[in-house]
Amino acid sequence: MASDRINRLLEVSRGLSAAGDMEKYLQSILSAATELTGSETASILEFDEAARELRFSVVPWFHRDAIQGVKVPLDGSAAGWVFMQGKPVIINDVGVDARHFRTIDLLSKFTTKSLLGVPMLLHGTPIGVFEALNKANSAHYTEEDVTILETLASLASAALQADRLERRLQGSASEITELDRLKSEFIAITSHELRTPLGLILGHATFLREMLGKDYHEQLDAIIRNAARLKEIIESLSSVDNYQSGVARLRQRKVSMARIVEDVLASFQSMADEKGVKLKMDLSKHDLLVDADGSKIAIALSNLIKNAIMFTDKGGQVLVKAELSPGYVKVSVIDNGLGIPAHDLPRVFERFFQVESHLTRRHGGMGLGLSVAKVMIEMHGGRIWVESVEGKGSNFTFLLPVDLQSAAQAEQPFHF
Ligand code: ADP
């Protein structure tokens, strides 16, 4: 092949990786095909899997209105033959070859005299056909023309595939965004709708408990306890959602972390006793004051301690440590319980995630506790993470900035 033709092919192939505008690039492939095979025009037909027919997808501008998108049957067309056989075809006089699909000439007011077609392959599977028409001076198409068109066809296949993948990726990305929006909307509406009837159940059950004698306390307590549990779940759901839609507002003031740890730990003493798990506390002597909404930090800490007790067997222990680390207060909830398999660790803070192997040993829980804790801590410009070894135990740690203002300035993850 003459070196100028090789150079031109190289130039087109180099363009593939740099191609920003796919349509423009495919047009440049058509021009190269026309020029290098000495043809009057060229076009690309893509296979439509669902309709099982070929369709003109890239055509020169002067044919665009007439044939862009026009369908070509697999039977009774030269392009169909190339596609089905997976082989090139040269027809030097279409007048004497029945394979030519004449409708296109009528539509485009073009007279096809000779034709070269090659299959476009992707990983060995045909995805379309590349055609060049009317070699100049009624000359015959040559084997070299076939090689050139095949080279350009594989570049066009790669370009089309890249374009398809990109479009699919964009489609998936917007589908994910839409799904996430729907999920948030569903959570917001459901939790809102459930709150009112649940409030009524709790109110009336509490009233009945007062009115009816001790004989009914057991049943009414069960109703109140379970309704309160439901209320807790709904609050968890909506607090995650509130944060994400930016509704949550912090009521922050100077609070003592030591005090929060003591209070929360005390509220879990009876649960720990029932389970036979020892609760321990290790508080630094420093003033552990932080700028925070104490109720939200207490929710986060409660969720960590509740899990630690729940996933630790009888005889085990849960240690809550609080200490000062420069600019931060560091709190760790350390248990010597079941631990978390390494492959599940990155997902434990996701909404609705539960470790598969723990499911059989669980009572209640929806996989929300840790995502709520994460939201609460990050709202304060803090960070939370876990270290765990399956069968040995877990260490959930969070850091809270002592001074919220400077934490925000230091570009901590701080979003409302
Ligand atoms: P749930 O409300 O269901 O407990 P969480 O979001 O609080 O959900 O926790 C998610 C999952 O992480 C739990 O279901 C459990 O499998 C695992 N997990 C959480 N804390 C611990 C822990 N201290 N030890 C072992 N596994 C834990």
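My aim in this report is to walk through the structure given alongside it, one point at a time. These numbers were taken from a predicted model, which means no experiment stands behind them.

**Regarding the overall build of the protein**
Part 1: Counting secondary structure elements, the protein contains twelve helices and 13 strands.
Part 2: Here the C-alpha radius of gyration of the protein, 35 Å, is well above what a compact globule of 416 residues would show, namely 22 Å.
Part 3: Relative to its 416 residues, the protein shows a buried fraction of 44%.
Part 4: Taking all contacts inside the protein whose residues are at least 6 apart in sequence as the whole, residues at least 24 apart take part in 65%.

**Looking at the packing of helix H2 (residues 22–36) against helix H6 (residues 143–211)**
Part 1: H6 packs onto H2 with a crossing angle of 175° between their chain directions and a minimal axis gap of 10 Å. Taken as axis vectors, H2 and H6 run roughly antiparallel relative to one another. Residues Met22, Tyr25, Leu26, Ile29, Ala32, Ala33 and Leu36 of H2 touch H6, and the partners they reach there are Asp145, Ile148, Leu149, Leu152, Leu155, Ala156, Ala159, Leu160, Ala162 and Asp163.
Part 2: Taken together, the residues of the contact of H2 with H6 sort by class into 15 nonpolar, no polar and two charged.

**Observations concerning the pairing of strand E11 (residues 328–335)**
Part 1: Counting buried positions along E11 gives six out of eight residues, so the element sits mostly inside the fold.
Part 2: Of the pairings in the sheet, the one linking strand E10 (residues 317–325) to E11 comprises eight bridges and is antiparallel in character. Its bridge partner being in E11, Ser325 is matched across the sheet by Tyr328.
Part 3: Linking two consecutive strands that pair antiparallel, namely E10 and E11, is a turn of two residues; a positive phi of about 80° is found at Gly327 within it.

**Section: the site of the ligand**
Part 1: Around the ligand, a shell composed of 20 residues is seen, among which Asn307, Gln354, His358, Gly367 and Leu370 lie nearest.
Part 2: At a separation of 2.9 Å, a nitrogen atom of the ligand approaches a polar side-chain atom of Asp335.
Part 3: Within the contact set of the ligand, an oxygen atom lies 2.7 Å away from a backbone nitrogen or oxygen of Gly367.
Part 4: In isolation the ligand offers 530 Å² of accessible surface; the protein chains occlude 96% of this area.
Part 5: Breaking the shell around the ligand down by element, the ones donating at least two residues are helix H10 (294–310), helix H11 (369–379) and strand E13 (393–401).
Part 6: A per-class count over the shell around the ligand returns ten nonpolar, eight polar and two charged.

**A few points about the pattern of salt bridges**
Part 1: For the structure shown, the criterion picks out 23 salt bridges.
Part 2: Between Glu46 and Arg164 there is a salt bridge, and its shortest N-O distance comes to 2.8 Å. On the criterion of sequence distance, the pair formed by Glu46 in strand E1 (residues 39–48) and Arg164 in helix H6 is long-range, its members being 118 residues apart.
Part 3: Residue Arg164 is classed as partly exposed on the basis of its relative accessible area, which comes to 26%.
Part 4: Of the charged contacts, one joins Arg181 and Glu185 as a salt bridge, the two residues approaching to 2.7 Å between their closest N and O atoms. Here the residue Arg181 and the residue Glu185 both occupy positions in helix H6, the gap between them amounting to four residues, near one helical turn.
Part 5: For Glu185, a relative accessible area of 36% puts it in the partly exposed group.
Part 6: Beyond isolated ion pairs, a larger network of salt bridges with shared partners links Arg5, Lys135, Glu144 and Asp145.

About the thresholds
Residues numbered from 1 in each chain as written. Predicted model: local features only at pLDDT ≥ 70, side-chain atom pairs only at ≥ 80, totals over all residues. Heavy atoms only, no water. Helix = DSSP H or I, 4+ residues; strand = E, 2+ residues; numbered from the N terminus. Rg over C-alpha atoms; globule rule 2.2 N^0.38 Å. Buried < 20%, exposed > 50% of the residue type's maximum accessible area, 1.4 Å probe, protein only. Contact = heavy atoms within 4.5 Å. Axes fitted to C-alpha atoms, helices over the stretch in contact; angles between N-to-C directions. Parallel < 35°, antiparallel > 145°, perpendicular 65-115°, else oblique. Nonpolar A, V, L, I, M, F, W, Y, C, P; charged D, E, K, R; others polar. Pairing = 2+ DSSP bridges. Near = heavy atom within 4 Å. Polar contact = N/O pair within 3.5 Å; in protein donor to acceptor, adjacent residues only side chain to side chain. Areas by Shrake-Rupley, 256 points an atom, 1.4 Å probe, with all protein chains shown as cover. Salt bridge = Lys/Arg side-chain N within 4 Å of Asp/Glu carboxyl O.

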